[in-house]
2 protein chains.
Amino acid sequence: MADERVEVDYHPMWEALGMDLPAHDALLGAVGEMYGDIYLTQENRPESTGYLDFVASNIHSGRIKEMVDAKGSGDATKVIGSFCLYVPEEVITACNGISVGLCSGADWATEQVEERLPRNTCPLIKSFTGFKLGNVCPYIESSDLVVGENTCDGKKKAYEYFGTLKPMHVMDVPNVHTDEALAMWKSQVRQFAKRVEEETGVELTVENLRAAIKQANDKRRALQRLSATRAADPVPISGLDSLLTVQAAFMDDPARLTDAVNAMAEECETRVAAGEGAAPRGAKRILYTGTPMAVPNWKLYNIIEKAGGVVVGEEACTGYRYYKDLVDESGETVDELLDAIAERYFKINCAIFSPNPGRVEDIVRLAKELNADGIIDCALQFCTLYEMESADVQAAAEEAGIPCMHITTDYANEDTGQLTTRIQAFLEMLRPRR
Amino acid sequence: MADERVEVDYHPMWEALGMDLPAHDALLGAVGEMYGDIYLTQENRPESTGYLDFVASNIHSGRIKEMVDAKGSGDATKVIGSFCLYVPEEVITACNGISVGLCSGADWATEQVEERLPRNTCPLIKSFTGFKLGNVCPYIESSDLVVGENTCDGKKKAYEYFGTLKPMHVMDVPNVHTDEALAMWKSQVRQFAKRVEEETGVELTVENLRAAIKQANDKRRALQRLSATRAADPVPISGLDSLLTVQAAFMDDPARLTDAVNAMAEECETRVAAGEGAAPRGAKRILYTGTPMAVPNWKLYNIIEKAGGVVVGEEACTGYRYYKDLVDESGETVDELLDAIAERYFKINCAIFSPNPGRVEDIVRLAKELNADGIIDCALQFCTLYEMESADVQAAAEEAGIPCMHITTDYANEDTGQLTTRIQAFLEMLRPRR
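Residues numbered from 1 in each chain as written. Chains lettered and ligands numbered in written order. Predicted model: local features only at pLDDT ≥ 70, side-chain atom pairs only at ≥ 80, totals over all residues. Heavy atoms only, no water.

All names here are of chain A. In spatial order, the strands read 6-5-7-8; together these four strands make up an open sheet with parallel pairing. The open sheet has two edge strands, strand 6 (310-315) and strand 8 (404-409), and neither has a second partner. Direction aside, neighbouring strands of the sheet carry axes that sit 25° apart on average. Sheet analysis places strand 5 (residues 285-290) next to strand 6, joined by five bridges and oriented parallel. By the bridge assignment for strand 6, Leu287 is matched with Gly313. On the sheet, helix 19 (residues 416-429) packs against strand 5, strand 7 (374-380) and strand 8 and is oriented at approximately 170° with respect to strand 8. (Pairing = 2+ DSSP bridges. Helix = DSSP H or I, 4+ residues; strand = E, 2+ residues; numbered from the N terminus. Axes fitted to C-alpha atoms, helices over the stretch in contact; angles between N-to-C directions. Contact = heavy atoms within 4.5 Å.)

Moving on, we come to helix 10 (residues 179-200) of chain B. Compared with an ideal rise of 1.5 Å per residue, which puts 22 residues at 32 Å, helix 10 of chain B spans 31 Å between its outermost C-alpha atoms and is within 8% of the ideal. Positive phi appears at Gly201(B), one or two residues downstream of helix 10 of chain B, with a value of about 70°. (Expected span 1.5 Å × (residues − 1).)

Residues and elements named next belong to chain A. Applying the stated rule across the entire model yields 74 salt bridges over all chains. Its salt-bridge partner being Lys157, residue Glu160 comes within 3.1 Å of it at the nearest N-O pair. One end of the pair is Glu160 and the other is Lys157, both in helix 9 (residues 153-162) and three residues apart, which spans about a single turn. In this structure Glu160 comes out as partly exposed when scored by relative accessible area, which is 22%. With relative accessibility at 4%, the residue Lys157 sits in the buried group. (Salt bridge = Lys/Arg side-chain N within 4 Å of Asp/Glu carboxyl O. Buried < 20%, exposed > 50% of the residue type's maximum accessible area, 1.4 Å probe, protein only.)

Packed helices, taken two at a time, are described by their axes: the angle between them and the distance between them. Residue and element names in this part refer to chain A. Interhelical geometry of helix 7 (residues 123-133) versus helix 9 gives an angle of 10° and a closest axis separation of 10 Å. The angle between helix 7 and helix 9 places the two elements in the roughly parallel class. For the pair helix 7 and helix 9, contact is made by Ile125, Phe128, Thr129, Lys132 and Leu133 and by Gly154, Lys155, Ala158, Tyr159, Tyr161 and Phe162, respectively. (Parallel < 35°, antiparallel > 145°, perpendicular 65-115°, else oblique.)

Here the focus is the relation of the copies chain A and chain B. When chain A is fitted to chain B, the residual RMSD is 0.0 Å, and the transformation amounts to a turn of 180° plus an axial shift of 0.0 Å. Classification of the inter-copy transformation places it as that of a two-fold axis. Closest approach to the rotation axis among the C-alpha atoms of chain A is made by Asp153(A), whose C-alpha sits 3.1 Å away. The fraction of interface residues of chain A whose copies in chain B are also interface residues reaches 100%, indicating that both copies meet through the same surface. (Least-squares fit on C-alpha atoms with pLDDT ≥ 70 in both.)

With that out of the way, let us pick up the interface of chain A and chain B. At the junction of the two partners, chain A supplies 38 residues and chain B supplies 38 residues. Taking both sides of the interface into account, the surface hidden between chain A and chain B amounts to around 2,900 Å²; carbon and sulfur atoms contribute 51%. When the area that chain A buries against chain B is broken down by residue, the three leading residues are Asp153(A), Lys157(A) and Met388(A), summing to 24%. Put simply, chain A and chain B have four salt bridges between them. Residue Arg116(A) pairs with Asp392(B) through a salt bridge whose shortest N-O separation is 3.3 Å. Between the two partners, chain A and chain B, sit 21 residue pairs in polar contact (both at pLDDT 80 or more). Mapped onto the side of chain A that touches chain B, the elements with two or more residues apiece are helix 9, helix 10 (179-200) and helix 18 (384-399) of chain A. (Buried area = accessible area lost by both parts, 1.4 Å probe. Polar contact = N/O pair within 3.5 Å; in protein donor to acceptor, adjacent residues only side chain to side chain.)

Residue and element names in this part refer to chain B. Their axes nearest at 9 Å, the elements helix 3 (residues 50-58) and helix 13 (residues 254-274) cross at an angle of 150°. Between helix 3 and helix 13, the interaxial angle falls into the category roughly antiparallel. Between helix 3, through Tyr51, Leu52 and Phe54, and helix 13, the contact on the second element is made entirely by Arg256, Leu257, Ala260 and Met264. Across the contact of helix 3 with helix 13, the residue classes tally to six nonpolar, no polar and one charged. (Nonpolar A, V, L, I, M, F, W, Y, C, P; charged D, E, K, R; others polar.)

Attention now goes to the state of the cysteines. Applying the stated rule across the entire model yields zero disulfides over all chains. In this structure Cys152(A) is a free cysteine whose sulfur lies 6.2 Å from that of Cys122(A), the closest cysteine sulfur available. (Disulfide = S-S within 2.5 Å.)

Residues and elements named next belong to chain A. Ordered in space as 2-1-3-4, the four strands form an open sheet in which the pairing is parallel. Edge strands, defined here as strands with exactly one partner in the open sheet, are strand 2 (98-101) and strand 4 (168-172). Put simply, the sheet's adjacent strands are angled 25° from each other on average, direction ignored. Of the pairings in the sheet, the one linking strand 1 (residues 79-82) to strand 2 comprises four bridges and is parallel in character. Bridging from a neighbouring strand, Val79 pairs with Ile98 of strand 2.

Formed by 155 residues in total, the largest nonpolar core has its most connected members in Tyr139(A), Trp185(A), Trp298(A) and Leu300(A). With near-sequence residues (within four places) excluded, Trp185(A) lies in contact with Tyr86(A), Met171(A), Asp172(A), Val173(A), Pro174(A), Ala342(A), Tyr345(A) and Phe346(A). Counting 152 residues, the second-largest nonpolar core is a separate cluster that includes Ala158(B), Met171(B), Met251(B) and Tyr386(B). (Core = buried A, V, L, I, M, F, W, Y, C linked by side-chain atoms within 4.5 Å.)

Attention shifts here to the domain arrangement of chain A. Residue and element names in this part refer to chain A. Assigned domains of chain A: these are domain 1 (11-206) and domain 2 (211-325 + 352-429). For domain 1 versus domain 2, the separation of C-alpha centres amounts to 21 Å. Contacts between the two partners involve 51 residues from domain 1 and, on the opposite side, 50 residues from domain 2. Summed over both partners, the interface of domain 1 with domain 2 comes to about 4,200 Å²; 64% of that surface belongs to carbon and sulfur atoms. Contact with domain 2 buries area across many residues of domain 1, yet Tyr39, Tyr51 and Leu85 alone supply 15% of it, more than any other trio. Note that Glu90 and Arg220 form a salt bridge whose closest N and O atoms lie 2.7 Å from each other. Where domain 1 touches domain 2, the interface holds 18 residue pairs in polar contact (both at pLDDT 80 or more). Among the elements that take part in the side of domain 1 that touches domain 2, helix 2 (residues 21-38) stands out by supplying five residues, more than any other. Residue composition of the side of domain 1 that touches domain 2, grouped by class: 24 nonpolar, 17 polar and ten charged. (Domains from an automatic or database assignment.)

Shown next as structure tokens:
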């Protein structure tokens, strides 16, 4: 979104990155307006969420300049982008690289995309392809290496094409949770580490890897702490702000983010003690589960919260899965630390795993821990995996006595009215569970 | 389809299998009618294709009785069904089991299916789920074990559900062609072998395994021989009959099928020498590539051939991929033979592999070898993998100077008119390449 704070002209930087300036200006304008409409209209936000406004206003400008400058001055080696929680950031930051999540939350250059990818492709995949084809993502353009992963059919195949547009490394993620699959995954993490060492020219050591693990764990601990405050009624922070906190974690400097999240958590703890909420006491409480929401995909949360509900947790890659597990910091060799990293990432309950009972267990447990009154299970259109798992989610929610609604949607606004009606009806029928 | 040859009432057998008799009668009636309209209206068929009519008329009746009787008399151990080329039949037949491909070529019980699976699921997956839910497939019902495989997202997740309806074993197929993936696949083949040994109570030995390999190889050699005759102009056998030959291979007794295919190949060789064809000399020649066609999915071939074209080859699981590679018969231990089996199956160029250059190479080479004038690349609706690969297929065909048309379709007849128009136009613009 347009930087409203500092009077710096970022156009020369974007131009140097090879971006399409008029298109990018249009994108920033639209996202800035969305941010205003969705975020700045919220009431009773914790003051510390000012950090989120700072991130939002800097996301395509100040943050990119910081990254470019860091590379220029030798403070950082390379920028390495990825699209998935399965890519271990610790390996990148240990080699003094900057790890970023790449843009995939809005429709862009759809006509160009559909010349290459089938129409029936999920909006997230179309989005990152369109952001590249349209040259409007400074994260993609400033990345020296893009890391893909064989997760769903669509991403796997789309990366083959993306790899013709950017230097890529693809990690092969297993489909099953067996010892054999874990061994194979450990080997994938090692191959990735080797590639990052080559790319950055920095060798992994116990010191730099352990420090990187600690930094990532600190971030996760801060996010866990913030998440815990959302069990309270009234809930001290909105779902929208919580979602943006995790979205920010994919893009902002990890140390700055961790400090800011700890400050948010502290303020939220104080609010909980004081009975102060971002939503009124008794607001209908929703656990979100399903496909990830990349910036600026705030659509569903906005509908839920503008309808008077509040999202108190998210069993999703842009949520709980991002921070639920820590990496064991006790390894004494690079190999031990890499194994610990692999083991931690292997616990992410991605829907590509078959079977994937851990996800359903997490959903029910989280709904209870966070005192959710209902579950909204959402899949991006054409996401076979989440669509298929929705029957299991529904069954588990029913068994636990928690109402659950399944939604299929995309990034467009055509279904906003219909979704609003459905969600209002769902919220009305919910009964507080405490 | 209804058995017109022998006056045997198969209803008691179907009832004993737990099938829905009125629904199954309706299915057989419809398929029988389709067979008459599509197959028996063909002109200039080789006489030896009488075998195909025999298979077609026995597919749900005589053949099932044969299997059930073989189990009853101890001539066979178990019936083991599967949905994918990656499941090694040699392991099953070595343990004196009967290996069958399961029904998935027609819409059935769609409403019931869509209560459990998303609407946007490929028709093949909906089909096998519907055939089970509707109790109309004697192959599914007579199977003691069903073997799934982690291939595409949709099948992987649908098997989790199918496994609640039938005893299942799922093989994990890799996504990449690396040494590590091959090692993992070999281990999967071993685990499958162990499961089949347990299921059948028969231990694998060098003797039974080598004999099973030889039997499967003989079948492949016969199919290769038949395929080679299709390079001639005029082509001695239709695409429809060739397709049904491979479809039959999933269901009929392997020795009987091999003899019949060799007889067909011999007749076709004679026809080639005599310049006799199933289609006129100069008929436009099509190489089919894309998603598999399970019985009774003859729709596209019928459109092509009724429009005056002729299909001369198929780079597909119901075609070339089924018979292109032999298993090395020289292994001297069970382990060596199992490794040889794993290595052979690992060469199947399934679209789940990333990247999958072998498929595109095969398409271009086959088109040249079989003197195809054009390529029709077809994906079942919502098949992300084949839809995504179509851009590569198109690019390779263009580079080779071979016209290529991409089609997306399903099992319904709603698009028959539109497809006919498109295919007629495509056939008209083709120029003979010899």
